[in-house]
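Summary of structural features
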Amino acid sequence: MAKMEPGAVTYFEGKYIPAEDAKVNVMTHAFNYGTGLFEGIRGYYCADVDNIYVFRLKEHIDRLVRNFNILCMEIPETAEQIEDICLEVTRQSGFREGIYIRPLCYKSELSLGPAVRGVKSSLTCYAIKLGDYVDIKDGLDVAVSSWRRLADNAIPSRAKSTGSYINSSLAATEAKQAGFHEAIFLREDGTVSEGSAMNIFMVQDGKLITPPPTADILVGITRNTVMQLANEMLGLDVVERPISRTELYVCDELFFCGTGAQVAPVRSVDRRLVGDGHPGVITKKLQEVYFDVVLNKVEEYKHWCTPVF
Ligand code: PMP
């Protein structure tokens, strides 16, 4: 797990302060009820130009701000200001490597009572160093979780709320305790949803298939990136439709994607090999294209990469 870096700077209560000084009161609403909404955004360091490129910053902040409506949140900072804050904490933290930026909007009032409307919210934002979050070379061994994915009308996954990550933590821990790298969540109806912190794609007959936005998923920015790159750069069809559990056992290729996971091949599900147990041709091609794009090497997608310095 990634830890706070010495010298890192956090945006907290409207100021840039040393990360170790950004502390909340135990009565904070979000601390008691999980009423925070957040984003996870990667910055990729390019040594040749000595700069960090933040990937799809605008889309991440747009998702965050749209989700405010779910928790009836209002904060003084505008979307443009939140984007600037993400860049500024990175600059002030002095990083010169791969990073992960975490803007977090939370119910900051010191008040008890489970409510969302009329409870004051605040923004904080910090950055940490981050390399590969999961193995992206050999393929992951994953298991279908005994934990079901949160239903949208219970705790909406699309909101990316702090409280909803109890669901992810339970599934990830169960998988690791049983000797797997990751978990796959099914929904209450038994169809496939996503991983603990990543979306899932299946390759079948040269087509990409992924659960739709109504499958209790967080609608990932990387998911959208993969769909666009598969279609526009590799000429592949992409289909959003419900996926049954056993389709995972018989598909040609399987991979996860997410800001943390990047593009991560899956080599087995429930101890059954996916294909021949090696990362598939399409998965590898997508990985290659993905890394070219995030490292600001592809002209058509340079607008997705925001330089920090
Ligand atoms: N699903 C969940 C539950 C996640 O936590 C994440 C990581 N943010 C994703 C999917 C992937 O989303 P994104 O590509 O926007 O990072």
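Here, every reference points to the structure presented above.
These numbers come from a predicted model, not from an experiment.

Time to look at the overall build of the protein. Along its length, the protein carries 7 helices and 17 strands. The C-alpha radius of gyration of the protein comes to 19 Å, within 12% of the 19 Å expected for a compact globule of 309 residues. Along the first, second and third principal axes, the C-alpha atoms of the protein reach 50 × 50 × 30 Å. Buried positions account for 55% of the 309 residues belonging to the protein. Element-wise, carbon and sulfur atoms account for 53% of the exposed surface of the protein, whose accessible area totals about 14,100 Å². When the 33 basic and 41 acidic side-chain charges of the protein are each reduced to a single mean position, those positions are 3 Å apart.

This paragraph deals with the layout of surface pockets. In this structure, the second largest pocket spans a volume of roughly 320 Å³. Tyr-33, Gly-34, Thr-35, Ile-155 and Ser-161 are, among the 19 residues lining the second largest pocket, the residues nearest its centre. If you list the elements that add at least two residues to the lining of the second largest pocket, you get helix H1 (29–33) and helix H4 (165–177). Across the lining of the second largest pocket, the residue classes tally to 12 nonpolar, 7 polar and no charged.

Looking now at the environment of Val-116. Its place among the elements puts Val-116 in the loop between strand E6 (99–107) and strand E7 (121–129). Distance from Val-116 to Thr-35, taken between C-alpha atoms, is 7.8 Å for residues 81 residues apart in sequence. Once residues within four sequence positions are removed from consideration, Val-116 is found in contact with Leu-71, Cys-72 and Lys-107.

Turning our eyes to something else, we now look at the packing of helix H5 (residues 221–232) against helix H7 (residues 281–294). Two measures define how a pair of helices packs: the angle their axes make with one another and the distance between the axes. Remark: H5 packs on H7, axes separated minimally by 10 Å, with the N-to-C direction vectors making an angle of 110°. Taken together, the axis directions place H5 and H7 in an arrangement best described as roughly perpendicular. Every pair of crossing elements has a handedness; the one defined by H5 and H7 is right-handed. Across the interface between the two elements, Thr-222, Thr-225, Val-226, Leu-229 and Ala-230 of H5 pack against Leu-286, Val-289, Tyr-290 and Val-293 of H7. Across the contact of H5 with H7, the residue classes tally to 7 nonpolar, 2 polar and no charged.

This paragraph deals with the site of the ligand. Around the ligand, the structure places 16 residues, and the nearest of them are Tyr-165, Glu-194, Ile-221, Thr-222 and Thr-259. Side-chain polar atom of Tyr-165 to an oxygen atom of the ligand: 2.4 Å apart, as the coordinates give it. Within the backbone of Ile-221, a nitrogen or oxygen atom sits 2.8 Å from an oxygen atom of the ligand. Considered on its own, the ligand offers 390 Å² of accessible surface; in the complex 97% of this is hidden by protein. Sorting the residues of the shell around the ligand by element identifies helix H2 (57–67) and H5 as the ones contributing at least two each. Class assignment of the residues belonging to the shell around the ligand gives a composition of 5 nonpolar, 7 polar and 4 charged.

Okay, empty space enclosed by the protein next. The full count for this structure, using the stated rule, is 2 cavities of 30 Å³ or more. The volume enclosed by the largest cavity comes to roughly 60 Å³. Lining the largest cavity are Arg-42, Tyr-44, Phe-55, His-60, Ile-221, Thr-222, Thr-259 and Tyr-290. When contributions to the lining of the largest cavity are tallied by element, the ones reaching two or more residues are strand E4 (41–46) and H5.

Another aspect to go through is the environment of Ile-128. One can find Ile-128 in strand E7. Classification of Ile-128 as buried rests on a relative accessible area of 13%. In sequence terms Ile-128 and Glu-59 are 69 residues apart; their C-alpha atoms lie 20 Å from each other. If we skip the residues at most four places from it in the chain, Ile-128 touches Ala-2, Lys-3, Phe-95, Gly-98, Ile-99 and Tyr-100.

Quick notes on the rules
- Residues numbered from 1 in each chain as written.
- Predicted model: local features only at pLDDT ≥ 70, side-chain atom pairs only at ≥ 80, totals over all residues.
- Heavy atoms only, no water.
- Helix = DSSP H or I, 4+ residues; strand = E, 2+ residues; numbered from the N terminus.
- Rg over C-alpha atoms; globule rule 2.2 N^0.38 Å.
- Buried < 20%, exposed > 50% of the residue type's maximum accessible area, 1.4 Å probe, protein only.
- Areas by Shrake-Rupley, 256 points an atom, 1.4 Å probe, with all protein chains shown as cover.
- Lys, Arg positive; Asp, Glu negative; His and termini not counted.
- Charge placed at Lys NZ, Arg CZ, Asp CG, Glu CD.
- 1 Å grid on protein atoms, 1.4 Å probe; cavity = no way out; pocket = protein on both sides within 12 Å on 5 of 7 lines; lining within 4 Å.
- Points joined across faces, edges and corners; volume = space filled by probe spheres on them.
- Nonpolar A, V, L, I, M, F, W, Y, C, P; charged D, E, K, R; others polar.
- Contact = heavy atoms within 4.5 Å.
- Axes fitted to C-alpha atoms, helices over the stretch in contact; angles between N-to-C directions.
- Parallel < 35°, antiparallel > 145°, perpendicular 65-115°, else oblique.
- Left-handed = near helix turned anticlockwise from the far one by under 90°.
- Near = heavy atom within 4 Å.
- Polar contact = N/O pair within 3.5 Å; in protein donor to acceptor, adjacent residues only side chain to side chain.

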